[in-house]
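Residues per chain, in single letters:
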Amino acid sequence: VVRADSDDHAAAVKDAVVKLGGGTYQAQTFTEAKEGMLSLINGAQYGLLAFGALALLASMFGIINTMYISVLERTQQIGLMKALGMRSRDVGKLFRYEAALIGVIGGAIGAGGASLLSLLNPWIVEKLKFEEGMQLLLPEAWQMVALVALLAILGIIASYLPSRKATKLDPIEALRTE
């Protein structure tokens, strides 16, 4: 480890070390090492972002399946509601609200889990021997609120086809099903 007396001389010291070794030594300034580490962290973040997008896509298909099964199981109830005068768009709203509620509950559970995980921050910092006061795994409150809102919106989008199927049911035919 070679230290320069100032950041301005770091590049000159690096070049001197490489020249002194005759090409057998490699040298890197702290700034270069930090940039390399940041590029690795950014790559990991993009990988996690892609994984999160896949998880959201899978959850949308789960909501579609859940809502479709719900429409099939409640066909008679839907027929009864429509026979008693409930409008088709109100039936669709019912299923969209239900899907939004699924998204909100899932998001709240995830945000709560992230908040609990953030309690491990001091232990992780100690085990990784980071400097005191380093903050890891600390989600912002606005990020959690945005995630819950996004999941509610995705739930509404995912419920479009099942709620449309529910609105298209004929009340007479729906009441005949078992």
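Here the structure is a predicted model, which is why all the values come from computation and not from measurement.

A.B. asks: Go over the pattern of salt bridges with me, naming the residues and quoting the values.
C.D. replies: A full pass over the atoms with the stated rule returns 3 salt bridges. Across the pair R74 and E98 runs a salt bridge, and its minimum N-O distance is 2.8 Å. With R74 in the loop between α2 (30-73) and α3 (75-83) and E98 in helix α4 (residues 88-118), the pair connects residues that are 24 residues apart, well separated along the chain. By relative accessible area, E98 is classed as partly exposed at 26%.

A.B. asks: Could you give an account of the side chain of K82, with specific residues and numbers?
C.D. replies: Considering the arrangement of structural elements, one finds K82 in helix α3. Separated by 2.6 Å, the side chain of K82 and the backbone oxygen of T167 make a polar contact. The contacts of K82, once residues within four sequence positions are left out, are S88, V91, A166, T167, K168, L169 and P171.

A.B. asks: Requested: an account of α2, with residues and values cited.
C.D. replies: Here α2 contains 44 residues, and its C-alpha end-to-end distance of 63 Å stays within 8% of the 64 Å for a straight helix at 1.5 Å per residue. Buried residues of α2: M60, I63, M67, S70 and V71, and no others. On the buried face of α2, the contacting elements are α3, α4, α6 (141-158) and α7 (160-168).

A.B. asks: Quick rundown of the packing of α3 against α4? Include the residues and the values.
C.D. replies: Viewed as axis vectors pointing N to C, α3 and α4 meet at an angle of 140°, and their least axial separation amounts to 10 Å. Between α3 and α4, the interaxial angle falls into the category oblique. The way α3 lies across α4 gives a crossing that is right-handed. In this structure, α3 uses I78, M81 and K82 to contact α4, whose residues at the interface are S88, V91, L94 and F95. Class assignment for the residues of the contact of α3 with α4 results in 5 nonpolar, 1 polar and 1 charged.

A.B. asks: An account of the nonpolar core is needed here, citing residue identities and associated values.
C.D. replies: Ranked by size, the top nonpolar core spans 12 residues in total: M60, I63, M67, V71, I78, V91, F95, A99, L154, A158, A166 and L169. Mapped onto this core, the elements with two or more residues apiece are α2, α4 and α6. Per-element tally for this core: the top contributor is α2, with 4 residues. In this view, I63 contacts A99, I102, G155 and A158; residues no more than four positions away in its chain are not counted.

A.B. asks: Could you give an account of the environment of I172, naming the residues involved and the relevant values?
C.D. replies: The topology assignment puts I172 in helix α8 (residues 171-176). Assessed through its relative accessible area of 48%, I172 is described here as partly exposed. In the structure, I172 is positioned 155 residues away from V17 in sequence and 87 Å away in space, judged by C-alpha atoms.

Rules and cut-offs
- Residue indices begin from 1 for each chain and proceed along its sequence in written order.
- Local features in a predicted model are, by the rule used here, given only for residues with pLDDT of at least 70; side-chain atom pairs are given and counted only at 80 or more, and totals for whole chains, interfaces and linings are based on all residues.
- Only hydrogens and water are set aside; all other atoms, that is, all heavy atoms of the structure, feed into the side-chain values.
- The term salt bridge refers to a side-chain nitrogen of Lys or Arg lying within 4 Å of a carboxyl oxygen of Asp or Glu.
- Helix and strand definitions here come from DSSP, where helices need a minimum of 4 consecutive H or I residues and strands a minimum of 2 consecutive E residues; each element is numbered from the N-terminal end.
- Accessibility here uses a 1.4 Å probe with only protein chains present; expressed as a share of the type maximum, an area under 20% marks a residue as buried, one over 50% as exposed, and anything in between as partly exposed.
- For this analysis, a polar contact is any N or O atom pair within 3.5 Å, provided that within protein one partner can donate a hydrogen and the other can accept it, and provided that sequence-adjacent residues contribute only side-chain to side-chain pairs.
- Only heavy atoms matter for contacts: two residues are in contact if any of them lie within 4.5 Å across the pair.
- What a helix is expected to span follows from its residue count: subtract one and scale by 1.5 Å.
- Only the contacting stretch of a helix is used when fitting its axis, a line to C-alpha atoms as for every element, and angles between N-to-C directions run 0 to 180 degrees.
- Any angle from 65 to 115 degrees is called roughly perpendicular, while one under 35 is roughly parallel, one over 145 is roughly antiparallel, and all others are oblique.
- By definition, any crossing whose near helix is turned counterclockwise from its far helix by less than a right angle is left-handed, and any crossing with a clockwise turn is right-handed.
- Gly falls in the polar group here, along with every residue not listed as nonpolar (Ala, Val, Leu, Ile, Met, Phe, Trp, Tyr, Cys, Pro) or charged (Asp, Glu, Lys, Arg).
- Throughout, nonpolar core names a set of buried Ala, Val, Leu, Ile, Met, Phe, Trp, Tyr and Cys residues whose side chains join them through atoms within 4.5 Å.

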